[in-house]
Structures are given as C-alpha cells and as structure tokens.
Amino acid sequence: MLAAGISAYDRMERSHWFPGFPRPPYTPGLDMVGVVDALGTGVTEPAVGSIVAGGPYPQGGCYASHLCRAVDTLVPVPEGVDPAEAVCLVTNYLTARHVLHDTAHVHPGERALVQGAAGGVGTALLQLGALAGLELYGTASRHNHALVSALGATPIDYRTEDVAVRIHELTGDGVDVVFDPIGGAAQLRQSYRCLRPGGRLVWFGVAAIARRGVRVIPESLLTRLLLDVRRDGRHAPMTRDEPPAEQRRHLAELLGQLAAGDLRPVVAERVPLREVARAHGLLDRGGHAGKVVLVPDD
C-alpha cells in the first residue's frame, strides 16, 4: 500500500451506526493506491512492480500494508503521479464526477453551489466544476475561504450568513444546481431555497449524521421526496449507483487528468498507517480541508 483514503463511510462503519456493519476485528478502507507485489494463477497483468488504484470497496480492507484484490477492480496509475493525490480520485473525485455529469447533467455557464466546499468531495466538485465551465459558489468555514477562492469559487460563511439569502444577493435569482453532501431536513430546505426556477438539488451524502445520528437518513429521504414533488419548476433528482466498469473507466480518465496537471487534489494530511486512530480523530474533529490520507509507516 502506498496510500489509503480516510472517509466518512469508514467513520460510520467504525461507529456501528447500521445493522450489518462488521464487528471487530475487521479492516476498514474504501480506496487505495499500491504496488503490485504478486499475481494470482492465470493472471498476466498488470505487471509486478506497477502502481495501481482500486476501489471504492464497500467491504473495506484498505487500511493494510498488503491486500489481495481482483484484477478487474484495479486501474493503472500513470508514472510520476503522487499516490496520496491519486487515492483522492478513487472515491471523492469519482463521486464528484458522477453527481456533476450523471445526476445534475451540468452545462457550461451554469451556476452551482457546493455545500461543504472545503471537504474532500467539495474540493473535487469545485475543481471538476471549474473544468466544466461552471460559475461556482461554495460554503465553508471562514478559515477555508482562501482555499475555496483559489479553487475558483465565491466563498460563503455558512456559520454567520444565511446561505440562501447570500446566494440570491450574489446571483439575483439563484443557482442552477446545489450539491449537498450534508443532509437533514433544514439543510436540504435551505439548499432548495438557493435554486433558481428550473434548478436542481442534488443530495448525495449524510455528513450531518456525525452530529445528529442516523435519524438524518430517513429525514433526508422524506425531505428530498417532498421537495421533488413540488410544482414550482425546481426538482431534486435521485443519484443512482454507477456500474463498476463505468467507475473504472472514469477513474482512468481522472488519473489521466491528474497526470496532465489538470487536477490537484487537496490532501489535508498524510498520516502513517500506525497512526490511523489519529487520522480518525482528525475526521471526527472536522475543520480540515481536503482528504486525510494514510501512507506507509516510515
């Protein structure tokens, strides 16, 4: 293993918020980048010594120095790419690309608001949204506003400003798309108020679960449904899972963009594998920008 990502899913799994989550001992970890150490019987590629990326793996397993994975779940990593940056693409950038293009179907010149813009998926949405030609706005804590601005978006302080009021002050009639990975009834209603007529609210995460517990999930599902049936020209399309083969194809494209310098993932901190508890502490406290990444022990 050269790099493994820390995710909100790992945190939920660790906290046993849902029936069916594994009981200790188990190994978390959705995504990884590593060196091919050996091939199984009948497998001829990728070559031993080459670098590959894999995931997302809902069954986990990536917080490890060595792991075994099926060859058809791996994607070659271009030479010279930073493994810690590459692992950010596997879950965060794949998610961002999917909601941008497959759920929201964005077009150049549209306005988009990214809630949680300084997070791992938020920074991915800003970078990919800029490449798609969007006019971007992002909510973040005040200390992350410089980063949001550097990624091409107008920052909004969600702690001190009414986000919907501020969006309408900045745009006149609202944005075409809101990307909301936070969830909760009040949060989704706020995001919906930011939309212009014909706008789309894309809800795709439940970051609020860390603060309010699992009730956020049914509450968010019901709120999204109620908002989507309103006859006011705005709607809330459902995000559907992307087939694994499509994920791998898109991951290869993203890795190519990273190698070309078109993408620059924000790595919050590189934490040695033996300090994984500290890495999860960073996730619990929040406030960091980008993605926390595990790297091999020194």
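Just so you know, these numbers come straight off a predicted model, no measurement behind them.

Considerations on the pattern of salt bridges
Thinking step 1. Scanning the model with the defined rule gives 25 salt bridges in all.
Thinking step 2. Where Asp284 meets Arg14, a salt bridge forms, and the shortest distance between an N and an O atom there is 3.1 Å. Taken together, the positions of Asp284 in helix α10 (residues 276–285) and Arg14 in helix α1 (residues 8–15) put the pair 270 residues apart, joining distant regions of the chain.
Thinking step 3. Its relative accessible area of 34% is what places Asp284 among the partly exposed residues.
Thinking step 4. Asp232 is the salt-bridge partner of Arg230, the closest N and O atoms lying 3.8 Å from each other.
Thinking step 5. Judged by its relative accessible area of 45%, Arg230 is partly exposed.
Thinking step 6. On the basis of relative accessible area, Asp232 is assigned to the partly exposed category, the value being 28%.

Examining the sheet that holds strand β7 (residues 153–157)
Thinking step 1. Taken together, five strands build an open sheet; the order of strands is β7-β6-β5-β8-β9 and the sheet is parallel. Here the strands that pair on one side only, and so sit at the sheet edges, are β7 and β9 (195–203). Direction aside, the axes of adjacent strands within the sheet are offset by 20° on average.
Thinking step 2. Judged from the five bridges that link them, strand β8 (residues 175–180) and β9 form a sheet pairing that is parallel. Within β9, the position partnered with Val175 by the bridge is Leu195.
Thinking step 3. Helix-sheet contacts for helix α6 (residues 185–193) involve β8 and β9, and the interaxial angle to β9 is about 145°.

Regarding the sheet that holds strand β3 (residues 51–54)
Thinking step 1. In spatial order, the strands read β4-β3-β2-β1-β11-β10; together these six strands make up an open sheet with mixed pairing. Both edges of this open sheet fall to β4 (74–76) and β10 (267–272), since each of them pairs with a single strand only. Across the sheet, the mean angle separating the axes of adjacent strands is 30° when strand polarity is ignored.
Thinking step 2. Sheet topology note: the strand β1 (residues 3–5)/strand β11 (residues 291–295) ladder contains two bridges and is antiparallel. Bridge pairing in β11 links Gly5 to Val293.
Thinking step 3. The strands touched by helix α9 (residues 244–259) are β3 and β4; relative to β4, the strand with the most contacts, the crossing angle is about 25°.

Things to note about α9
Thinking step 1. Here α9 contains 16 residues, and its C-alpha end-to-end distance of 22 Å stays within 8% of the 22 Å for a straight helix at 1.5 Å per residue.
Thinking step 2. Regarding α9, the residues found buried are His250, Leu251, Leu254, Leu255 and Leu258. Buried residues along α9 cover an arc of 150° about the axis, so they all sit on one side.
Thinking step 3. Where the residues of α9 are buried, they touch β3, β4, α2 (83–103) and α3 (120–131).
Thinking step 4. At the C-terminal side of α9, Gly261 shows a positive phi close to 85°.

Cut-off values and rules
- Residues numbered from 1 in each chain as written.
- Predicted model: local features only at pLDDT ≥ 70, side-chain atom pairs only at ≥ 80, totals over all residues.
- Heavy atoms only, no water.
- Salt bridge = Lys/Arg side-chain N within 4 Å of Asp/Glu carboxyl O.
- Helix = DSSP H or I, 4+ residues; strand = E, 2+ residues; numbered from the N terminus.
- Buried < 20%, exposed > 50% of the residue type's maximum accessible area, 1.4 Å probe, protein only.
- Pairing = 2+ DSSP bridges.
- Axes fitted to C-alpha atoms, helices over the stretch in contact; angles between N-to-C directions.
- Contact = heavy atoms within 4.5 Å.
- Expected span 1.5 Å × (residues − 1).
- Arc of directions from axis to C-beta.

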